[in-house]
Amino acid sequence: MPAPAFPVRRVLLAGTGAIGVSMLPAWVFWVRHHLHLEARVALTCHAEALVSPKALAALSGHRVWCESGDVEPEIAHMEAVGWAEAILVVPATANVIGKLANGIADDLVTTIVAASRCPVVLVPSLTPAMQSKPATQRNLRQLAEDGYGLVPTMTGVQVSDSTLSEGAAADPATALAYLKRFLQEHSAGGGDNGGGDSGTGARSG
Ligand SMILES: Cc1cc2nc3c(=O)[nH]c(=O)nc-3n(C[C@H](O)[C@H](O)[C@H](O)COP(=O)(O)O)c2cc1C
């Protein structure tokens, strides 16, 4: 029997400032050419310093929504909210995890998430110290309680000292399989599956 189709067609990859964001071009490629979905990208300022928006634009076939882009952030967030049927925050820094857990929307990525109604899944990337902090644990629990999907971290190489440790962002196959399951469960529960409050949004489901 063929595997059930991916529940949405348009996935927004929202990159934040962990080193794993330098791999985001490979995630875009995976979403488009393995899953045959549309992918677009939004970046925080810190992510922009670690990955090339030009490469992401070339691979996604669309301009990237970022603070330094041609489009004003106020317009960019409405475009992104209207376009996305699911948002994958990858990688998700401790900073963005903390902001989203507390309803803070002070940059493009957190504003997109705050204004969206579609399912949002985070792929945390945390150093062992960050992961062990009570505040981080509290924020992750809050996000789970608020209905966000959280892809478990994996063992990976610490960039600072080349040791293996917990807290690395999951790989694309694992994270996108998680996203698919999360969306299936979400739509089975009758959740709203797209668009936001911008009034520009296409809705599905
Ligand atoms: C090379 C590099 C790697 C980083 N890796 C991480 C990381 O894995 N997790 C994390 O929470 N912060 C990491 N940071 C720190 C974040 O960039 C910093 O907290 C920043 O304020 C996050 O901004 P953003 O969440 O708006 O993207 C890293 C910074 C640099 C320069």
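Shown above is the structure to which this text applies.
Rules and cut-offs
- Residues numbered from 1 in each chain as written.
- Predicted model: local features only at pLDDT ≥ 70, side-chain atom pairs only at ≥ 80, totals over all residues.
- Pairing = 2+ DSSP bridges.
- Helix = DSSP H or I, 4+ residues; strand = E, 2+ residues; numbered from the N terminus.
- Contact = placed C-beta atoms within 7 Å.
- Axes fitted to C-alpha atoms, helices over the stretch in contact; angles between N-to-C directions.
- Buried ≥ 20, exposed ≤ 12 C-beta atoms within 10 Å, placed from the backbone.
- Arc of directions from axis to C-beta.
- Parallel < 35°, antiparallel > 145°, perpendicular 65-115°, else oblique.
- Nonpolar A, V, L, I, M, F, W, Y, C, P; charged D, E, K, R; others polar.
- Near = placed C-beta within 6 Å.

Participant: A description of the sheet that holds strand β4 (residues 86-92) should follow, citing residues and the corresponding values.
Facilitator: One open sheet accounts for six strands, arranged β3-β2-β1-β4-β5-β6; its pairing is parallel. Whereas interior strands pair on both sides, the edge strands pair on one side only; in this sheet they are β3 (65-66) and β6 (149-150). Sheet analysis places strand β1 (residues 10-15) next to β4, joined by four bridges and oriented parallel. Pairing of V11 across the sheet is with A86, part of β4. Packed onto the sheet, helix α3 (residues 53-60) meets β2 (38-43) and β3 and runs at close to 165 degrees relative to β2.

Participant: Can you explain α3? Please cite residues and give values.
Facilitator: Among all positions in α3, only L56, L59 and S60 are buried. Buried residues along α3 cover an arc of 90 degrees about the axis, so they all sit on one side. Of the exposed residues in α3, those oriented more than 90 degrees away from the buried face are K54 and A58. If you follow the buried residues of α3, they end up packed against α1 (24-33) and β2.

Participant: For the packing of α1 against α3, give the residues involved together with the corresponding values.
Facilitator: Describing two packed helices takes the angle between their axes plus the distance from one axis to the other. With their axes 9 Å apart at the nearest point, α1 and α3 run at an angle of 5 degrees to one another. Taken together, the axes of α1 and α3 lie roughly parallel to each other. Contacts between α1 and α3 pair L24, P25, V28 and F29 from the former with A55, L56, L59 and S60 from the latter. The residue makeup of the contact of α1 with α3, split by class, is seven nonpolar, one polar and no charged.

Participant: I'd like a description of the site of the ligand, backed by residues and values.
Facilitator: Near the ligand you find 14 residues, and of these G17, A18, T44, H46 and T93 are the closest. Mapped onto the shell around the ligand, the elements with two or more residues apiece are α2 (45-48) and α5 (94-101). Take the shell around the ligand: its biggest share by element is three residues, from α5. Of the residues assigned to the shell around the ligand, the class counts are seven nonpolar, seven polar and no charged.

Participant: How would you explain the environment of P128 if you had to name every residue and give the values?
Facilitator: Among the structural elements, P128 can be located in helix α7 (residues 128-132). With 39 residues separating them along the chain, P128 and G167 place their C-alpha atoms 5.9 Å apart. The contact partners of P128, leaving out residues within four places of it in the chain, are S165, E166 and G167.

Participant: Break down helix α4 (residues 73-83) for me, with residues and values.
Facilitator: Among all positions of α4, only A76, H77, M78, A80, V81 and W83 are buried. Along its buried surface, α4 packs onto β1, β2, β3 and α6 (108-115).

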